[in-house]
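Chain by chain, the residues:
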Amino acid sequence: MASARTSRPSGHRRRLPLRERWRRALHEHTVPTQRSLMAAWLGFGCTFGTARLITHGIRGGWLPWGNVSADRTHLHHYNFGIATLAGVGLVAVRGDDAYVGHPGIGALYGAGSALIADEFALLLDLKDVYWARQGRVSVDVSLGILSALGLYLTAVPFWHEITRVTRDHLRVHPAGAA
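Residues numbered from 1 in each chain as written. Predicted model: local features only at pLDDT ≥ 70, side-chain atom pairs only at ≥ 80, totals over all residues. Heavy atoms only, no water.

Participant: Go over the pattern of salt bridges with me, naming the residues and quoting the values.
Facilitator: With the rule as written, the count across this model stands at seven salt bridges. Salt-bridge contacts for Asp 168 lead to Arg 15; the nearest nitrogen and oxygen are separated by 2.9 Å. Linking Asp 168 in helix α7 (residues 156–172) with Arg 15 in the segment before α1 (18–29), this pair joins segments that are 153 residues apart in sequence. By relative accessible area, which is 24% here, Asp 168 ends up partly exposed. The partly exposed category is assigned to Arg 15, whose relative accessible area is 34%. Salt bridges sharing partners connect three or more residues here, namely Arg 15, Arg 21 and Asp 168. (Salt bridge = Lys/Arg side-chain N within 4 Å of Asp/Glu carboxyl O. Helix = DSSP H or I, 4+ residues; strand = E, 2+ residues; numbered from the N terminus. Buried < 20%, exposed > 50% of the residue type's maximum accessible area, 1.4 Å probe, protein only.)

Here you go:
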């Protein structure tokens, strides 16, 4: 005898959780190249924001750690960005099919690019002007908007499907139901 919990009226299909519906939309409305590019833009935006948060926390003294140094030499985060891009470049040059175009590699590329872009003025002028007021806020906002726009434009049909799936889900499961 079937329990009330497992029995369903005939013809009733179990609805997938929203997360699974998003995953299906991703695979049905994007190709691997778009997924890799989306991961790159997401990696760029998240890393850029995190780098800004950490540097403000270090400077403001509200984070429990300080700058990264090697033998009293401050290592700027662009150094880590360059190392990350060198690793991604090695993967690209080597050409392993399992990794070329993989979203993880795309995310690393975006992260490395963000670490470099965040300190671009330092690289350009070869002076530590990271905290200079001139244009810092506009650069932060511009790069944030650029990252979000790139993430969106990479796969417009996917984002439209995500919106539709989410709206449909919220109509069936109102007020934060899973």
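Participant: Give a description of the environment of Val 91 that names residues and reports values.
Facilitator: Note that Val 91 resides in helix α3 (residues 77–94). For the pair formed by Val 91 and Ile 105, sequence separation is 14 residues and the distance between their alpha carbons is 8.3 Å. If near-sequence neighbours (up to four positions away) are discounted, Val 91 is found in contact with Asp 96, Tyr 99, Val 100 and Ile 105. (Contact = heavy atoms within 4.5 Å.)

Participant: I'd like to hear about unusual backbone geometry, residue by residue, with values.
Facilitator: Residues apart from glycine generally show negative phi values, whereas peptide bonds are mostly found in trans. Positive phi outside glycine occurs at Asp 71, with the angle close to 50°. Along the chain, Asp 71 turns up in the loop between β1 (69–70) and β2 (73–74). What makes Asp 71 exposed here is its relative accessible area of 76%.

Participant: Break down the packing of α1 against α7 for me, citing the residues and quoting the values.
Facilitator: Each pair of packed helices can be summarised by the angle the axes make with each other and by the distance between the axes. Contact pair α1 / α7: the axes reach a minimum separation of 9 Å and the direction vectors enclose 155°. The angle between α1 and α7 falls in the class roughly antiparallel. The handedness of the crossing between α1 and α7 is right-handed. Here Leu 18, Arg 21, Trp 22, Ala 25, Leu 26 and His 29 of α1 lie close against α7, whose contacting residues are Pro 157, Phe 158, Glu 161, Ile 162, Val 165, Thr 166, Asp 168 and His 169. (Axes fitted to C-alpha atoms, helices over the stretch in contact; angles between N-to-C directions. Parallel < 35°, antiparallel > 145°, perpendicular 65-115°, else oblique. Left-handed = near helix turned anticlockwise from the far one by under 90°.)

This is a description of form; function is not addressed.
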